[in-house]
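Residue-level listing of the chains:
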Amino acid sequence: MQDVSLGNVFRFTWQAAILWAVYRGSCWFVEAVGLPLPGNVVGVVTLFTLLCLGVVKLEHVSHAADFLLRHLVFFFVPITVGLMDWGAVFKEYWLELSTAVVVSSLLPFWLVGALTQWLHRRGKPCDI
Amino acid sequence: MRHLTTPLLVALTLAAYVLLRKLYLRRPHPLLNVVVLSAAVVGAVLMGLNMPYADYIPARDIMTFLLGPATVGLAVPLYRHRGLLRLYALPILASVGLGALTAMLTAGAIAKYSGLPREVVMSILPKGVSIPFAVEIARMYDGVPPLATAFVVATGTLGSLVGAVFLRRVGIRNPVARGLALGTVSHAQGTAAALEEGEEQGSMAGLALILAGVFTAVFAPLAVWILGGP
């Protein structure tokens, strides 16, 4: 279990506030410029850039980020509950949907693996 | 009683998550999916109480308030692994980009040409990326967020069950290549499987899952256009 002292709660809160500010800022930017990208994707790229530039230090966000990422799947539960309205689609199209999922997983599995291996063989084979 | 509904639904969701997560940590298995099982418990209770999903929406909005900031936090592991990112820049960018585009196009094309409704096709496009990205990408093109999560989880479960065996079958033995493939195709669930193979596979998968989200978002307009306009 994690230590839930007052100091930790305080640290989590202001670190989460930094993450929240980057997220809201990115969403605002996407909307203002009309970029066809989700705000959270731009947010990841923005925070990564800020970390690389040293504007934000790792220890300014890592405590909150690590905690939130450990429980990231929790946020998916309430979204997935929405499936209760979609049972009919799965009943009607289960074969088509399964085919789509299987084919679109196996083909890229092979492509990603084969391309990486090929690039490696051409480069420095001793790397790995 | 009415004003207590939302807090009670939040408590129910939290309890289901905490208990199933405990169970999973004790006996980890790809089929013991914490998201799906917790959602099934909550959904069953709602149906048992004859409550429509609309009644659950206030509770959902409270619980997902921190999802955006949490997702932005993915920059932290990306930054911690920036050394690997620099070392393998070309294979990472080329393979993850190709993989993300192929996954989107094959899934979308099969769904479209088997006559599925358009909102379902748009929900299956981002099925290879982490749920927060998939939900937002689906939403941008009139897909349905819960459907998108279902396809993401299905892909992740498939990848973590058969990914490692399939890659060996087709002769992919290089640990960097295996990690990238598992992370690109089957996001966090594939990353968990990659971590079981080794640390190098795990780190590469972790990088790939984040970059696949970025690439899928960037390529989504192209895929939607190829599959027949918005």
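Predicted model, so just to flag it, every value in this text is computed and none were measured. Residue numbering note: each chain is counted from 1, following its sequence as written. Numbering of ligands from 1 and lettering of chains from A proceed in the order in which they are written. Since the coordinates come from a predicted model, pLDDT governs what is reported: local features require at least 70, and pairs of side-chain atoms require 80 or more to be given and counted, while whole-chain, interface and lining totals use all residues. Each side-chain value is derived from all of the structure's non-hydrogen atoms; neither hydrogens nor water enter the calculation.

**Some words on the overall build of chain A**
Selection rule: The way it works is that DSSP assigns letters per residue, a run of H or I at least four long becomes a helix, a run of E at least two long becomes a strand, and they are numbered from the N terminus. Per-residue accessibility, obtained with a 1.4 Å probe over protein chains only, is compared with the maximum for each type, and a residue is labelled buried under 20%, exposed over 50%, and partly exposed between these values. Under the convention used here, a 1.4 Å probe and the Shrake-Rupley method define accessible areas, while residue burial counts only the protein chains that appear. When charges are counted, Lys and Arg are positive and Asp and Glu negative, with His and the chain ends excluded. For this purpose, a charge sits on NZ of Lys, CZ of Arg, CG of Asp or CD of Glu.
When you go through chain A residue by residue, the secondary structure sums to five helices and zero strands. Each helix and strand of chain A, ordered N terminal to C terminal, gives the series α-α-α-α-α. By principal-axis analysis of the C-alpha atoms, chain A measures approximately 50 × 50 × 40 Å. When each of the 128 residues of chain A is scored for burial, the buried share is 43%. Carbon and sulfur atoms make up 68% of the accessible area of chain A, which amounts to about 6,900 Å² in all. For chain A, the distance from the average position of its 8 positive side-chain charges to the average position of its 8 negative side-chain charges is 11 Å.

**Remarks on the domain arrangement of chain B**
All names here are of chain B. Threshold: Domain ranges listed in this record stem from an automatic or a database domain assignment. Throughout, a contact is declared for two residues whenever any of their heavy atoms are within 4.5 Å. Computed with a 1.4 Å rolling probe, the buried area is the accessible surface lost when two parts are put together, summed over both parts. Any carboxyl oxygen of Asp or Glu that lies within 4 Å of a side-chain nitrogen of Lys or Arg is treated as forming a salt bridge with it.
Here chain B is partitioned into domain 1 (2–65) and domain 2 (75–226). Contact with domain 1, which involves four residues of that partner, is made by five residues of domain 2. Roughly 410 Å² of surface becomes buried between domain 1 and domain 2 when both sides are summed, with 74% attributable to carbon and sulfur atoms. When the buried area of domain 1 at its contact with domain 2 is split by residue, Pro30, Leu31 and Asn33 rank highest and sum to 68% of it. Between the two partners, domain 1 and domain 2, sit zero salt bridges.

**A closer look at the packing of helix α7 (residues 89–113) of chain B against helix α12 (residues 199–226) of chain B**
Two numbers describe a pair of packed helices, the interaxial angle and the distance between the axes. Residue and element names in this part refer to chain B. Rule in force here: Here an axis means a line fitted to C-alpha atoms, over the contact stretch when the element is a helix, while the angle between two N-to-C directions is reported on a 0 to 180 degree scale. Roughly parallel refers to an angle under 35 degrees, roughly antiparallel to one over 145, roughly perpendicular to one between 65 and 115, and oblique to any angle outside these ranges. Two helices crossing with the near one rotated counterclockwise from the far one by less than a right angle form a left-handed crossing, whereas a clockwise rotation gives a right-handed crossing. In this classification, Asp, Glu, Lys and Arg are treated as charged, Ala, Val, Leu, Ile, Met, Phe, Trp, Tyr, Cys and Pro as nonpolar, and every other residue, Gly included, as polar.
Contact geometry for α7 and α12: axes closest at 7 Å, N-to-C directions at 50 degrees. The orientation of α7 with respect to α12, classified from their angle, is oblique. Note that α7 runs across α12; the crossing there is right-handed. Residues Ile92, Leu93, Val96, Gly97, Ala100, Leu101, Met104 and Leu105 of α7 lie in contact with α12, whose contacting residues are Met204, Leu207, Ala208, Leu211, Ala212, Phe215, Thr216, Phe219, Ala220, Leu222, Ala223 and Ile226. The residue makeup of the contact of α7 with α12, split by class, is 18 nonpolar, two polar and no charged.

**A few points about the domain arrangement of chain A**
By domain assignment, chain A separates into domain 1 (1–81) and domain 2 (86–128). For domain 1 of chain A versus domain 2 of chain A, the distance between C-alpha centres works out to 29 Å.

**Side note on the interface of chain A and chain B**
The cut-off we apply is this: Two N or O atoms count as a polar contact when they lie within 3.5 Å, although within protein this holds only if one can serve as hydrogen donor and the other as acceptor, and sequence-adjacent residues are included solely when both atoms are side-chain atoms.
Chain A puts 69 residues into the contact, and the matching count from chain B is 98 residues. At the boundary of chain A with chain B, the tally comes to one salt bridge. In this structure, the salt-bridge partner of aspartate 66 of chain A is arginine 80 of chain B, at a minimum N-O distance of 3.0 Å. One can count 10 residue pairs in polar contact (both at pLDDT 80 or more) joining chain A with chain B. Contributing elements (two or more residues each) for the side of chain A that touches chain B: α1 (6–33), α2 (39–53), α3 (58–70), α4 (72–80) and α5 (87–122) of chain A.

**Describing α7 of chain B**
Three or four residues apart is the spacing at which side chains of an α-helix point the same way, because the helix has 3.6 residues per turn. Selection criterion: By this rule, a helix spans an expected 1.5 Å times one less than how many residues it contains.
For α7 of chain B, with 25 residues, the first-to-last C-alpha span of 36 Å sits near the 36 Å given by 1.5 Å per residue. Glycine 115 of chain B sits one or two residues past α7 of chain B and shows a positive phi near 80 degrees.

**What to know about the packing of aromatic side chains**
For clarity, the cut-off: Pairing of aromatic rings covers Phe, Tyr and Trp, the last counted by its six-membered ring, and requires centre-to-centre distances within 6.5 Å; plane angles under 30 degrees mean stacked, over 60 mean edge-to-face, and any other angle means tilted. Distance and angle both matter: a charge sits over a ring if NZ of Lys or CZ of Arg is within 6 Å of the ring centre and within 35 degrees of the ring normal.
What the rule picks out here adds up to seven aromatic pairs over all chains. Consider the rings of phenylalanine 12 of chain A and phenylalanine 67 of chain A, whose centres lie 5.4 Å apart with planes at 85 degrees: the pair is edge-to-face. Linking phenylalanine 12 of chain A in helix α1 with phenylalanine 67 of chain A in helix α3, this pair joins segments that are 55 residues apart in sequence. With relative accessibility at 30%, the residue phenylalanine 67 of chain A sits in the partly exposed group. Of the aromatic side chains, those joined through ring pairs into one cluster are Phe74 and Phe75 of chain A together with Tyr17 of chain B. A cation sits over an aromatic face here: arginine 82 of chain B above tyrosine 79 of chain B, 3.9 Å from the ring centre.

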